[in-house]
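Listed below are the residues making up each chain.
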Amino acid sequence: MYLRRTYRYTDDTHFVADLIADDAKAVECLLYGRFRDILVYNALKVSRTYIAGSFRPDVDDLAHELYLYFKKDNWAKLRKYDPSLPFDKWLSVVSYRFFKDHVLSMPDTYRQTAAGTLPDAAQEHIYAQGESHIDMLKMDIRDAMDRLDSPRDRSILQALVVDDEEPAAVAAQHNITVENLYNIKHRALARLIRELGFKKN
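Every chain's residues receive numbers from 1 upward, in the order its sequence appears when written. Per-residue local features of the predicted model are confined to residues with pLDDT of at least 70, and side-chain atom pairs are confined, for both listing and counting, to 80 or more; whole-chain, interface and lining totals are unaffected and use all residues. Hydrogens and water are ignored here; the side-chain numbers use all heavy atoms of the structure.

*Asks:* Before we go on, may I ask you to explain the overall build of the protein chain in this structure?
*Replies:* Looking only at helices and strands, the protein chain features 10 helices and zero strands. Helix and strand labels come from DSSP, where a helix needs a run of H or I of at least four residues and a strand needs a run of E of at least two; each type is numbered from the N terminus. Listing the helices and strands of the protein chain from first to last along the sequence gives α-α-α-α-α-α-α-α-α-α. Classification of the 201 residues of the protein chain by burial places 36% in the buried group. Accessibility throughout is a Shrake-Rupley quantity obtained with a 1.4 Å probe, and a residue counts as covered only by protein chains that appear here. Accessible area of the protein chain: about 12,100 Å², with a carbon and sulfur share of 50%. Only protein chains enter the calculation, and the probe is 1.4 Å; a residue is then buried if its accessible area is under 20% of its type maximum, exposed if over 50%, and partly exposed in between.

In structure tokens:
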């Protein structure tokens, strides 16, 4: 049961802030309101893709598990939300991946085993609600950049790769030459690639 209480928010950042505050109306909006269709779609898509037979996990159970995942470690996942990506797209990517991981942790007897049943990494992007692989890749890159140890590396990659700033201006901000800037960028990109899990052939 849920109350369908009136809830309004000014923008995605406001909504995420209310979720982090565990506002009951915001949580209800996430699980049963405006974003319900995204959760239902992804839960059913993952179930049909990865589970054999007619068994389907309960959508509400999966949605509640997602809510608990968001709450974990003082809302750590939501605190990493980047408002440059609309929240519905962000939720689509995150919920699809969470539901997939949850389903794949189930006993093997429930899961698809036939060859060719599971989509490969490239096909996976198709299954998130209306989501392009570009948005998913952007999220992966942001997460990998957050894991880089050096604040300078993160700052330089953000400026040169994400924000497309002029190298001379970035070098001046860091009191280094443009040549040194490119050397740092090269090494930082190599570390970023390792964080993303790519390996050289």
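*Asks:* Before we go on, may I ask you to explain the packing of aromatic side chains in this structure?
*Replies:* Both the distance between ring centres and the angle between the ring planes are used here to describe each pair of aromatic rings. Within 6.5 Å between ring centres, the rings of Phe, Tyr and Trp (the latter by its six-membered ring) count as paired, and their orientation is classed by plane angle as stacked under 30 degrees, edge-to-face over 60, tilted in between. Enumeration according to the criterion identifies 12 aromatic pairs in this entry. With a centroid separation of 5.7 Å and an interplanar angle of 75°, the aromatic rings of Tyr81 and Phe87 are classed as edge-to-face. What makes Tyr81 buried here is its relative accessible area of 9%. Taking relative accessible area as the criterion, Phe87 reaches 0% and is therefore assigned buried.

*Asks:* What is the right way to read a negative patch on the surface from this model?
*Replies:* Each patch is assembled from residues with relative accessible area greater than 30% and no salt bridge, linking like charges that lie within 9 Å and nonpolar side chains (Val, Leu, Ile, Met, Phe, Trp, Tyr) that lie within 5 Å. We count a salt bridge whenever a side-chain nitrogen from Lys or Arg sits within 4 Å of a carboxyl oxygen from Asp or Glu. Just so you know, the count uses Lys and Arg for positive and Asp and Glu for negative, and it drops His and the chain ends. For charged residues, the charge sits on one atom: NZ in Lys, CZ in Arg, CG in Asp, CD in Glu. Taken together, the side chains of Asp163, Asp164, Glu165 and Glu166 define an acidic patch exposed on the protein surface. Residue class for Asp164 comes out exposed when judged on its relative accessible area of 62%.

*Asks:* Looking at this structure, how should I read the environment of Asp60?
*Replies:* For Asp60, the position within the fold is in helix 4 (residues 59-79). Since its relative accessible area comes to 33%, Asp60 is described here as partly exposed. Sequence-wise, Asp60 and Leu31 are 29 residues apart; in three dimensions their C-alpha atoms are separated by 8.1 Å. Contacts are residue-level and defined by heavy atoms, with any inter-residue pair within 4.5 Å sufficient. Not counting residues within four places of it along the chain, the set of residues in contact with Asp60 comprises Tyr32 and Arg36. Looking at Asp60, its side chain comes within polar contact range of the side chain of Arg36, at 2.7 Å. We call two N or O atoms a polar contact when they sit within 3.5 Å, provided that within protein one can donate a hydrogen and the other can accept it, with sequence-adjacent residues counted only if both atoms are side-chain atoms.

Everything listed here is a matter of geometry and, on its own, says nothing about what the molecule does.
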